[in-house]
Structures are given as structure tokens and as C-alpha cells.
Amino acid sequence: MARVVDAAEVAPTGYAWQVEATGLRVRAGRTMAVDGLDLRLGRGVHGLLGPNGAGKTTLIRSLATVLRPASGTLEVLGEPVSGRLDLRRVRRALGYLPQDFGYYKRFTVREFVEYVAWLKEMPKRDVPGAVQRAVERVGLADRADSKLKTLSGGMVRRAGIAQAIVNDPEVLLLDEPTAGLDPGQRVRFRELVQELGSDSCVVVSTHLVEDVAAACTDVVLIDKGRLVFQGTPDELAAVGGPDDVGDSPIERGYSALLGGAW
Amino acid sequence: MSEHPTSGSIARYASGDELPADVLWAVEAHLETCQTCRLRLADAAPPQVTALTAAVWAEMAPTGAPVRRRHRLVRWATPALAPWLAMTAFVVLAAVALDGVLPTSSAVLLIAPIVPVLGVAVAWSRGVDPAHELVVSTPRAGLQLVLRRTFAVLVVVLPALLVGGWLTGASPAYWLLPCLGVTATALALGGVIGLRRAAITAASAWVLLVIGPAVVVGGVPGVLAPGAAPVWAAVLVGGAAAVFFRSAAYARL
């Protein structure tokens, strides 16, 4: 069978940043959880750090086009996602693992990932192959036909990562993906994330500083809904002095920037 | 676009034979912009290349099991089916059971118009659908999925109501149009305040304005009388039109 490479597949991108936010404000319930955030994210793995209640999850949910920004501009893949617009093009290129990853217990891993592939409007003929590849990448190939309710917490997380990457997203949003993974799985997860970050924009929200040190090319530190710091893990480590609280250089940098507000 | 290269030069380009440099460049530049000629190039590829690509494509062909029936079902109904079916069955059964209690009007008749709306509320509830957060971030989340799920609700609810109505003597001539009218209104309102909230608002309004007075006063309320049918038809058309013209509003659910 002859396959023709479409011009759209090799077309240059028309935007400078995969994610660009200016003065972004997003409401979570009654509080303004993201309050005047300026952020630019390109390719690579971006570790989103911050204390509890800093607005990490709200920021990720607005990037996932679930929450509508209250004001400011937010562009994902060069398309504004703040107004009442057609979001389908952006959403087709998104992968999202929510913090509370909910799933249908009676579905098998394969059925669930296939359902998400259908929700993401993937072409029918690509679905079985893409599902198999996503399941293999997270190391669940041998359990692909087990029901989700029979899996352990770590395996469910990996199934969640599989559904997020099934469409080869250009922007991948992972909210606390390492919660519930054992140390070995966490190392494999970091390798996978680094691989994904080589050709897409991966945003990983985490509270584990060692995840950031090991896997991220870029650290985004937010507090009270504002950007406090953006730079490489080494730059974050350089901020901390010997007097700051923390066991590792990055932890000391983190507490130096947040003024010990743990 | 320049003229298409001859099949001879495409064949020689494909096999890597000697081509004059200017022809080679022209062919290559043309191939970049012409899909037809890229297809011709693919067809002209020498056997060793086609054998290789055929082998690769054969390896990559999907081998998974055929799609099971459940997959087709969840494209219409919400995958969180069990609570939803249970609620529908419970409401209809409760109405049939209550029927003798009310003095003059039938409980099935009074409740029928809001049963589908409750089904819509359940299909789009964060609390009932565990993957709600995931579903609403996908391109499929929009008017089309809303309509598919509403259709699935009606397919289940209407036969249940028909049976319930037949058991208690509530003719569909009384409740069918109000039923569709309330559903259309809730969907139209859902584009403004969110589907779950709209469905709950519509159901509460019905309980307060129609069921309440009917229980107190007795008799068939005016809105369910056959004379109200043209009004309900107008409501149905108006609601459907509002949904159609504001279809983009359903992207965020």
C-alpha cells in the first residue's frame, strides 16, 4: 500500500510557544486560584512546582481547556482557548491525566484507552495500533485485557498515562502522575517523560522535588497563583544558599524562593 | 504549479537511475508540492522498495480483536450506565406505585416530562461519571456528544414511560410533547449555565410549578391538557433552534 505524506504533517508550526499565557486569571470555585500568571512553555519537560493551593491543578485544568479563564489570554498551540471558540483542534492535540484519575471499573485497559482514543477523534484505522503502542509504552501490555478494577494503584496510574499519550499529543498535561508509583516504576516513568519531552511540550505537576531534578528540563515554580521562578533545575539549585531549609540543592532553592512557606 | 513530470522521469527518479541534474531538481521540487505525483512515485517504486514498505505496513496493520458491542454502546450512552439505568427505573416504578395515592391525576403523567431531564443530569454529573474530567477535555465533548447521550436517554426512558403510562392509563398524547419540550428547554439552558445545572433547574421548576399545585388542587394541570400541545410544540422547536444556533457553547461542559 502506498502512503502519501500529507503537506500538513511536515508544515512548520505557526507559533513560538506551545503554551503562552499573559495575565492569566482562573477561578477555582470562589477563589482566584491562578491570579495574573505570565508563562511561556516550549518543547521539553516542564516541572510545575509549588506548595499546596498554589494553583497548580487549576492551571493544568485551564490548559486542558476544562476551565475557562476569567481574564487574560491563554494560547495553546497558537490558538486562543479563553473564549467561546471551537476547541476541537487544540483538544485533538492534547493529552491530559487529571489529578483524580477517574475510570470505568468494568472496562479493560484496552477498552478504556480505545474509548479515550474515540473521544479524541482519532481516525478509526489508527486506533488499534495506537492503543497497543500506548499500552506497551507504559509497560502494561501483559495486562491490557484485564479489567481496570483488578489492577493495583500504580497500574491504574500507568493506564492513565497510556490514555493521555494515545494520540501522540503535542501538549501533554500530567497532574501528579507519580503518586502511587513505586521507585522502580518512577524511574521508568521519568525515562518515558523525557522521551515524550523530546518532541512535545510536557507539563508535569508534582510535589516531589526529586522528580523535577531527574526528569525535567525546565522548572516552573508558582505560588498564590503567580509565577515565582522559571528556569533549569540547576538555576533553581543555584538560588538556594547553605542556610535555606532542605536536603538537596533544589529543595534549598525552592525554600529560598518561597521564603520557607511550606 | 509546474507541469507534471513524465512517468519516465518519475520511474528513473524512483529507481535512482541517472537523471540530468536539472531534471532531477525539477522532479524533486515538483514532488514536494504535488500529491498526485507523490502517489505516482509510490507506484513507480522498484520491487525491492515496495517489498520493504509492504512488509513494514503488514507489520503495522492492526491485529487487535474486533470492536466489542460495549464500545458501540458507550458512543451513545454514558459509560457510567448502571446508576443511570437504576435511577430511570426507580423513578418510573415509583410513579407507577404512587399512582393510586393521588386523588385525580396520574403520577406517571405528572412525572413523565422530567424523567429524561434527570437522565441528562446524571449523564453529565461529575459525581456519577468518574471520568467526567477526562471526557470534557476531549474534542468529542460538545453538542454532538450531548445529543447522542440525550438520544440514548430518550431511547431508554420513553419505552419505560409508555409501559408505566399504559399500566396507569396515562396516555402518551398528554405527556409526550411536554416531555420533549422540557428536555429541549433544559438542553438550551445548558448552553448557558451548564447541562447538569440546567437539568436540575428544569426538573425543580416542574416540581414546584406543576406537580406541587396538582397534588394540592387535584385534577390534570392545564399545561398537560391536550389543548397545550401547540404551546409545547413551539417550545420544542424554539429549544431545538436555540441549541442549534448556540452549538459552540457546548464545548465546555
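Residues numbered from 1 in each chain as written. Chains lettered and ligands numbered in written order. Predicted model: local features only at pLDDT ≥ 70, side-chain atom pairs only at ≥ 80, totals over all residues. Heavy atoms only, no water.

Draft legend 1. Focus on the side chain of A:Asp218. All names here are of chain A. If you trace the backbone, aspartate 218 turns up in strand β9 (residues 218-223). It turns out aspartate 218 is buried and unbridged, and the closest side chain with the opposite charge, arginine 40, is 12 Å from it. Engagement of the side chain of aspartate 218 in a polar contact is seen with the side chain of histidine 46, the distance being 2.6 Å. (Helix = DSSP H or I, 4+ residues; strand = E, 2+ residues; numbered from the N terminus. Buried < 20%, exposed > 50% of the residue type's maximum accessible area, 1.4 Å probe, protein only. Lys, Arg positive; Asp, Glu negative; His and termini not counted. Salt bridge = Lys/Arg side-chain N within 4 Å of Asp/Glu carboxyl O. Polar contact = N/O pair within 3.5 Å; in protein donor to acceptor, adjacent residues only side chain to side chain.)

Draft legend 2. Local environment of the confidence of the model for chain A. Model confidence for chain A is summarised by a mean pLDDT of 88, while 95% of its residues fall at 70 or above. Least confident of the elements in chain A is helix α1 (residues 7-10) of chain A, whose mean pLDDT is 68; most confident is strand β6 (residues 94-97) of chain A, at 95. (pLDDT = per-residue confidence, 0-100.)

Draft legend 3. Structural context of the sheet that holds strand β2 (residues 31-41) of chain A. Residues and elements named next belong to chain A. Ordered in space as β2-β1-β4-β5, the four strands form an open sheet in which the pairing is antiparallel. Each end of this open sheet is capped by a strand with a single partner; those strands are β2 and β5 (79-80). Strand direction decides the pairing type here: strand β1 (residues 19-28) and strand β4 (residues 71-76), joined by five bridges, are antiparallel. Its bridge partner lying in β4, valine 19 is registered against valine 76. Relative to the sheet, helix α2 (residues 56-63) contacts β1, β2 and β4, its axis offset from that of β1 by approximately 115 degrees. (Pairing = 2+ DSSP bridges. Contact = heavy atoms within 4.5 Å. Axes fitted to C-alpha atoms, helices over the stretch in contact; angles between N-to-C directions.)

Draft legend 4. Representation of the interface of chain B and chain A within the structure. Listed as interface residues are 36 residues of chain B and, on the opposing side, 44 residues of chain A. Buried area between chain B and chain A, both sides added, is near 3,600 Å², and the carbon and sulfur share of it is 58%. Inspection of the chain B/chain A interface yields one salt bridge. The shortest N-O distance in the salt bridge between B:Glu133 and A:Arg61 comes to 2.8 Å. Listing elements by their share of the side of chain B that touches chain A, those giving two or more residues are α3 (35-44), α5 (69-74), α9 (132-135), α10 (143-168) and α11 (172-193) of chain B. No other element matches the five residues that α3(B) contributes to the side of chain B that touches chain A. The residue inventory of the side of chain B that touches chain A, partitioned by class, reads 18 nonpolar, five polar and 13 charged. (Buried area = accessible area lost by both parts, 1.4 Å probe. Nonpolar A, V, L, I, M, F, W, Y, C, P; charged D, E, K, R; others polar.)

Draft legend 5. A positive patch on the surface, seen in detail. A grouping of A:Lys105, A:Arg106, A:Lys147 and A:Lys149 is seen on the molecular surface, where their side chains present a positively charged patch. Assignment of secondary structure puts A:Lys149 in the loop between α5 (127-137) and α6 (153-165). (Patch = residues over 30% accessible without salt bridge, like charges linked within 9 Å, V, L, I, M, F, W, Y side chains within 5 Å. Areas by Shrake-Rupley, 256 points an atom, 1.4 Å probe, with all protein chains shown as cover. Charge placed at Lys NZ, Arg CZ, Asp CG, Glu CD.)

Draft legend 6. Spatial organisation of the side chain of B:Arg140. Residue position: B:Arg140 is located in the loop between α9 and α10. Buried and unpaired, B:Arg140 has A:Glu121 as its nearest opposite-charge partner, separated by 4.2 Å. Those residues in contact with B:Arg140 that lie beyond four places of it in its chain are A:Trp118, A:Leu119, A:Glu121 and B:Leu145.

Draft legend 7. Region of interest: the domain arrangement of chain A. All names here are of chain A. Here chain A is described as being made up of domain 1 (15-93 + 169-262) and domain 2 (99-168). Relative placement of domain 1 and domain 2: their C-alpha centres are 24 Å apart. Between domain 1 and domain 2, the contact holds 20 residues from the first and 15 residues from the second. Where domain 1 abuts domain 2, roughly 1,500 Å² becomes buried across the two surfaces, and 52% of that area is made up of carbon and sulfur atoms. (Domains from an automatic or database assignment.)

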